[in-house]
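# Coordinate inspection notes
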Amino acid sequence: MKHLLSMADLGVDGIEEILRVTESFVEVTARDIPRVPALRGKTIVSLFYEESTRTRLSFESAAKRLSADVMTFSVATSSVQKGESLKDTVETIQAMGMDAVVVRHASAGVPWQVSQWVDASVVNAGDGWHEHPTQALLDAYTIRERLGSLEGRRIAIVGDVKHSRVARSNVLGFHALGAEVTLVAPPTLLPPSLEGWPCEVTTDLDALLPKLDVIYVLRMQRERMTEAVLPSMREYTSRYGLTARRAANLPDGALVMHPGPMNRGVEIAAEVADAPGTVITRQVANGVAVRMAVLFLLLGSGASIA
Ligand code: NCD
């Protein structure tokens, strides 16, 4: 594997391999000194053109735990503000020497474009409405950790599918691992076409709740809603929000997931987000190990994990 751009490129074997290596790194991250020398001497650049809390910190801490050097690029304080193009920016960083670049951008396809310009490995950390493969991998890992397997599991992905790169990557990943995925959203929050999405679609969340193994709640991406897609947020919450009343209709042991950042009181009630059944902080914790696995598989040729 040279780049990680999309779940669609990985195939079941690729996903399985990353999840297997992740398991070793979960063990490493639990140590007193959670650091291994595997990527000593490698330089990893994080190039984030869009805001991020968890994904960026998670990649940077993954790189550091593998003993790589990390260069952090911040758009707000860079020459992008002077009008420097993406291509010139990438070539400038490449000239300083880098082995991998982790890219987040508001436009779909940018990580692929960057991969055409550089020799380094490119990791997609979220491109527009398109994909967010490491999120899907950490989510699959978290479900497997809690439920043993995704095979035959019923998973609902609820909310703003239209603007969500997480939804697309997760549908591909969960389906590849054998889960039955249903999207639950008002028609205005679905993409114009669901061709190539291996899943069912419904508007009836209440009917589905008692049958679910996992409910995956998406963030309402208000910054991407350029036109009115909903009568009101309150209306959305009343039909699709994971309220305490709805959560009570989930089977015992069902997992509540969210990629973060949460809009508490909109797509998920605060008391549900903080309840014992949620695995939202576990998703974040597993994110570091998954990203260690990805960076290791891209750059670690021959190095041992320990
Ligand atoms: C997501 C993102 O930015 O794609 N967050 C994340 O990476 N955990 C989801 C979101 O912003 O809704």
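See the structure above.
Residues numbered from 1 in each chain as written. Predicted model: local features only at pLDDT ≥ 70, side-chain atom pairs only at ≥ 80, totals over all residues. Heavy atoms only, no water.

## Overview of the sheet that holds strand β1 (residues 43-48)
Note the cut-off: By this definition, two strands are paired if DSSP reports at least two bridges between them. What counts as a helix is a DSSP run of H or I of at least four residues, what counts as a strand is a run of E of at least two, and both are numbered from the N terminus. For helices, the fitted line uses only the C-alpha atoms of the stretch in contact; every axis is such a line through C-alpha atoms, and the angle between N-to-C directions lies from 0 to 180 degrees.
Read from one edge of the open sheet, four strands run β2-β1-β3-β4, paired in parallel fashion. Each having just a single partner strand, β2 (69-74) and β4 (121-127) make up the two edges of the open sheet. Put simply, the sheet's adjacent strands are angled 15 degrees from each other on average, direction ignored. Sheet analysis places β1 next to strand β3 (residues 100-105), joined by five bridges and oriented parallel.

## A short note on the pattern of salt bridges
What counts, and what does not: Only one rule defines a salt bridge in this text: a Lys or Arg side-chain nitrogen within 4 Å of an Asp or Glu carboxyl oxygen. For the exposure calls, accessible area comes from a 1.4 Å probe over protein chains only, and a residue counts as buried if that area is under 20% of its type's maximum, exposed if over 50%, partly exposed in between.
Going through the model one piece at a time under the given rule, you end up with eleven salt bridges. As a salt-bridge pair, E145 and R282 come within 2.9 Å of each other at their nearest N and O atoms. Here E145 is found in helix α5 (residues 133-147), whereas its partner R282 is found in helix α11 (residues 280-299), with 137 residues between them in sequence. Looking at E145, the relative accessible area reads 31%, which means it is partly exposed. Note that D206 is salt-bridged to R246, the shortest N-O span being 2.8 Å.

## Notes on the site of the ligand
Basically, it comes down to this: Neighbouring residues are identified by heavy atoms, a residue being near a molecule or strand if any of them is within 4 Å of it. In the analysis that follows, any N or O atom pair within 3.5 Å is treated as a polar contact, provided that within protein one partner can donate a hydrogen and the other can accept it, and provided that, for residues neighboring in sequence, both atoms belong to side chains. Computed by Shrake-Rupley with a 1.4 Å probe, the accessible areas treat only the displayed protein chains as cover when residues are assessed. Residue polarity is assigned by list, with Asp, Glu, Lys and Arg as charged and Ala, Val, Leu, Ile, Met, Phe, Trp, Tyr, Cys and Pro as nonpolar; anything else, Gly included, falls into the polar class. An automatic or database domain assignment is the source of the domain bounds shown.
The environment of the ligand is formed by R54, T55, R104, H132, Q135, R165, V166, R219, Q221, P259, G260 and P261. With respect to the ligand, the side chain of R104 contributes an N or O atom lying 3.1 Å from an oxygen atom. Between a nitrogen atom of the ligand and a main-chain N or O atom of P259, the distance comes to 2.8 Å. In isolation the ligand exposes 310 Å². Once the protein is present, 94% of that is buried. When contributions to the shell around the ligand are tallied by element, the ones reaching two or more residues are α2 (54-65) and α6 (165-176). Of the residues in the shell around the ligand, the class split is three nonpolar, five polar and four charged. Lining the shell around the ligand are residues from two domains, each supplying at least three of them: domain 1 (7-131 + 286-299) and domain 2 (133-283).

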